[in-house]
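As a plain string of letters, each chain reads:
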Amino acid sequence: MVEYGSPLYIYSHGQIVSNWQKFDQAFGGHPHLICYGVKANSNLGVLSVLANLGSGFDIVSIGELERVIAAGGKPERCVFSGVSKTKTEIHRALELGILCFNVESAAELDSVESVAKLMSTKAPISIRVNPDVDANTHPYIATGLKENKFGVSIDTALALYKKAEHSQHLDVFGLDYHIGSQITEVSPFIEALEKALELISKLKAEGIKISHIDIGGGVGIAYNAEKTINIEQYIRSVLDKVGDLEVILEPGRAIVGDAGIFVTQVEYLKQSGVKSFAIIDGAMNDLLRPSLYGSYHQAIAVEDNSKGIKDTWDLVGPICETGDFLAKDRELTLTQGDYIAFMSAGAYGFVLSSNYNTRPRVAEVMVSGSHHALVRKRETVSSLFENEFIFNDEIN
Ligand code: LLP
């Protein structure tokens, strides 16, 4: 901590590796590809660990694809998801030779086809279906209900596959869905899988062959010892149903979530009699999840501090917003200068951070046994306005 400063994200190399291997091993000899959901944590250090394992990647922008390549990942192991891929992005992805586009609308299919035509090539595609299942998760991260913006209905998918099958510039490859994130029970996944498999049979009857099924990400983790999905059991129930279809999955949170912590330091303690605040140096701009989704992260005092003040604290940041809290009502014994670690912050932590209140984004460190190394240096204040210009209002 002293070496890298506070606040700080710290990742465990060993935990990332073992989380990835748990998914990989659950498949046994069944053909599969784990495409890590890059959006959960796109740090080059993290991506390079996964690239070394031979992981595939689920990307949602050309920026993420360029990151994967910079980290040593292979484009031919990348699936490209997201509701709106621009023609420039499609062009670059085809140039780099990605595995598959997960297409989310009729209009997007037209774009992919037209770019492939311009490049005199064939674009590999899956259609992302929206199976209309309730994943029973936070509304902001549910994606598989018909009122969500993602994917197309099963009926539309059928029509799009027929169109793609007849195109000289589209190569029908797979079928894709992703029903949401932080899902803690297997049943919605199986409901979605059954609907997808039904569609695959219909396609087969039409002479359209699907060679892989992409079952998305979404496996939830335990933020507060709650019950969640047993990965082996989940994969076993998938394999029981898919026959010899290759399975692609896109876990993000379940690979990096519990492999990261966010460490902050107590600046001031403020007890009003009504409420007790521990004002820490980390804020909503560094770890947005509690403010945005009301998410829970365990908060642990890094050192045992029996001399401190025992109280029920709200852990708040220095930002000028009442919504700037990282945790509420936590019983902790604290003194000024103590370090507090927010647990399971490896997914959707740093990636959602911003420079609000002109706060430089924090450093990120990877630890492996006794070895530790910076994987992103702390931003400086001057770097924050490097791309801004004074406006000369004397010119008319
Ligand atoms: N595939 C697609 C197409 C996705 O949209 C996502 C996540 C994933 C895979 C990875 O899902 P995971 O395995 O990580 O659940 N910011 C929110 C989570 C947003 C998830 C967005 N999509 C949070 O902090 O909880």
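Here, every reference points to the structure presented above.
Definitions and limits used
Residues numbered from 1 in each chain as written. Predicted model: local features only at pLDDT ≥ 70, side-chain atom pairs only at ≥ 80, totals over all residues. Heavy atoms only, no water. Helix = DSSP H or I, 4+ residues; strand = E, 2+ residues; numbered from the N terminus. Rg over C-alpha atoms; globule rule 2.2 N^0.38 Å. Buried < 20%, exposed > 50% of the residue type's maximum accessible area, 1.4 Å probe, protein only. Contact = heavy atoms within 4.5 Å. Lys, Arg positive; Asp, Glu negative; His and termini not counted. Charge placed at Lys NZ, Arg CZ, Asp CG, Glu CD. Pairing = 2+ DSSP bridges. Axes fitted to C-alpha atoms, helices over the stretch in contact; angles between N-to-C directions. Phe/Tyr/Trp six-rings, centres within 6.5 Å; stacked < 30°, edge-to-face > 60°. Lys NZ or Arg CZ within 6 Å of the ring centre and 35° of its normal.

Looking now at the overall build of the protein. A tally of helices and strands in the protein yields 11 helices and 17 strands. Its C-alpha atoms give the protein a radius of gyration of 23 Å, within 12% of the compact-globule value 21 Å for 396 residues. Each of the three principal axes of the protein carries a C-alpha extent, and together these read 75 × 65 × 40 Å. Put simply, the protein has 396 residues, and 51% of those count as buried. Counted over contacts in the protein with a minimum sequence separation of 6, partners at least 24 positions apart contribute 70%. Considering the protein, the positive charge centre built from 35 side chains and the negative charge centre built from 50 side chains are found 3 Å apart.

Spatial strand order, β2-β3-β4-β5-β6-β7-β8-β9: 8 strands in a closed barrel with parallel pairing. Put simply, the sheet's adjacent strands are angled 30 degrees from each other on average, direction ignored. Taken together, the 3 bridges between strand β3 (residues 56-59) and strand β4 (residues 78-80) define a ladder with parallel strand orientation. Looking at β4, one finds that Ile 59 is bridged to Phe 80. The strands touched by helix α4 (residues 87-96) are β4, β5 (100-103) and β6 (123-128); relative to β5, the strand with the most contacts, the crossing angle is about 150 degrees.

Before going further, it helps to examine the side chain of Ser 344. Among the secondary structure elements, Ser 344 is positioned in the loop between β15 (339-342) and β16 (363-368). In this structure Ser 344 comes out as buried when scored by relative accessible area, which is 11%. Setting aside anything within four residues of it in sequence, one finds Ser 344 in contact with Ile 221, Ala 222, Tyr 223, Gly 257, Asp 258, Gly 260 and His 297.

Moving on: the packing of aromatic side chains. Ring pairs (aromatic) are described by centroid distance and by the angle formed between their planes. Scanning the entire structure with this criterion turns up 7 aromatic pairs. Between Tyr 9 and Tyr 11, the ring centres sit 6.3 Å apart and the planes meet at 25 degrees, which makes this aromatic pair stacked. With respect to burial, Tyr 9 and Tyr 11 carry one shared label: buried. Between Phe 262 and Phe 342, the aromatic rings sit 6.5 Å apart at their centres with planes inclined by 35 degrees, giving tilted as the arrangement. With Phe 262 in strand β10 (residues 260-271) and Phe 342 in strand β15, the pair connects residues that are 80 residues apart, well separated along the chain. Three or more aromatic residues joined by ring pairs form one cluster here, namely Tyr 9, Tyr 11, Phe 262, Phe 342 and Phe 350. Sitting over the ring of Phe 325, Lys 328 keeps its end group 4.2 Å from the ring centre.

Geometric values such as these leave the question of function open.
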